[in-house]
Amino acid sequence: MKKRVLLLFLTAACAASMLSGCKKNVGTPEDNAVVEEPEGEENEEESGRLFGYSCIDLSNPFYETLGESIQTSLEEQGDRLMTKDPKADSDTQIAQIQEMIDEGVDAVFLCPADWEEITPALEALDQADIPVINLDTEVKEMDYIDAFVGSDNRNAGYVCGQDLAENKPDGGRIVIVESPSVNSVNERITGFEEAIANKGFEVVQRIDAGDDAGEVKAAMSELLKSGEQIDAVMCGNDRMAEQVLQALSEAGDRKPLVYSVDGSPVTKSALADPDSPMQGVGAQSPINMGKTAVKVASAVLEGGAFSKETYEETFFIGRDNVEMYGTDGWQ
């Protein structure tokens, strides 16, 4: 009788093993059912520390690349990453960060959808004693974060303004595309305006990109239809610039010089196109930012030395040097 029971147990165990072995991790997490691991058997994927990554919007290639860089760097040291996409909604981001807390993450990499509205999530992380590595755009309540890793955003905007002043020495009429709720964009626009101050430039309109960069195209198209003279457009990031370029293309207007900050493959491809009005970009590297962020986070958790604030280099990419950086990836 004991032999029969043992045989039945082994048969069931083998069948379960075969079924779980056929499961492949394909598609999105929603497409893949969670397979419960047998008790007492270590799951290799669950080893190492667990980090959380909450950005503004994963449909933005910058944040997608930043997340990939973080994940690659973590995996190289045996750690894991839980990624959440709030789609630029602060309430969703706060709820998703609570989910990370409930999952027991060791630290969180955070790019706030709104630098001020994110405060309740920071308070919850503080109560849970979970370190926060603030990335790209600063939160308003900096006392809640352990370290900040970003780009020199003011310089990224400044170098665009410098180039515009050189190309338009007599000044001109400009449009600024911005996003007041995102502090990194504010810094870029501030740097740009500092570079063109007292040089004959007039801001004829400011376009608020809001939560959807797609709104930029509609606003830009309306402005072009009005017949307003525009000599240049400064965009807070490449997604905004893409919308501006589409509006200009549909209107058949190639006169305004277009600037932005990021350095995505799409924008650099436009720079390499002699027929595009794209003039230059204040370039940053999400790849380097991600690598630095992981080093800082590890130091925070391990009690090592780290800088409270780290700013990655930004620089100008224009028509003259775009080939040096290439158009098929981030610099």
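Residues numbered from 1 in each chain as written. Predicted model: local features only at pLDDT ≥ 70, side-chain atom pairs only at ≥ 80, totals over all residues. Heavy atoms only, no water.

Q: Talk me through the packing of helix H2 (residues 61–76) against helix H10 (residues 286–302); I want residue IDs and the actual numbers.
A: In helix packing, the relevant descriptors are the interaxial angle and the interaxial distance, both defined with respect to the helix axes. With their axes 8 Å apart at the nearest point, H2 and H10 run at an angle of 40 degrees to one another. The angle between the axes of H2 and H10 places the two elements in the oblique class. H2 and H10 meet at a crossing whose hand is right-handed. Contact residues: Phe62, Thr65, Leu66, Ser69, Ile70, Ser73 and Leu74 in H2; Pro286, Ile287, Met289, Gly290, Lys291 and Val294 in H10. Residue composition of the contact of H2 with H10, by class: eight nonpolar, four polar and one charged. (Axes fitted to C-alpha atoms, helices over the stretch in contact; angles between N-to-C directions. Helix = DSSP H or I, 4+ residues; strand = E, 2+ residues; numbered from the N terminus. Parallel < 35°, antiparallel > 145°, perpendicular 65-115°, else oblique. Left-handed = near helix turned anticlockwise from the far one by under 90°. Contact = heavy atoms within 4.5 Å. Nonpolar A, V, L, I, M, F, W, Y, C, P; charged D, E, K, R; others polar.)

Q: Give me the pattern of salt bridges: which residues, what numbers.
A: Tallied over the entire structure, the rule returns 15 salt bridges. Notably, a salt bridge pairs Glu193 with Arg206, separated by 2.4 Å at the nearest N-O pair. Here Glu193, found in helix H6 (residues 183–196), pairs with Arg206, found in strand E7 (residues 201–208); they are 13 residues apart in sequence, far enough to count as distant. On the accessibility criterion, Arg206 (40% relative accessible area) is partly exposed. Salt bridges linked by common partners bring Arg49, Asp79 and Glu302 together as one network. (Salt bridge = Lys/Arg side-chain N within 4 Å of Asp/Glu carboxyl O. Buried < 20%, exposed > 50% of the residue type's maximum accessible area, 1.4 Å probe, protein only.)

Q: How would you sum up H6? Please name residues and give values.
A: Taking 1.5 Å per residue as the helical rise, H6 with its 14 residues ought to reach 20 Å, and the 20 Å between its terminal C-alpha atoms agrees with that figure. Along H6, the residues classified as buried are Asn183, Ser184, Val185, Arg188, Ile189, Gly191, Phe192, Ala195 and Ile196. Summarising the contacts, the buried residues of H6 are in contact with helix H5 (153–167), strand E6 (172–178), E7, strand E8 (232–235), helix H8 (238–251) and strand E9 (257–262). Count one or two residues on from H6 and you reach Asn198, which has phi positive near 60 degrees. (Expected span 1.5 Å × (residues − 1).)

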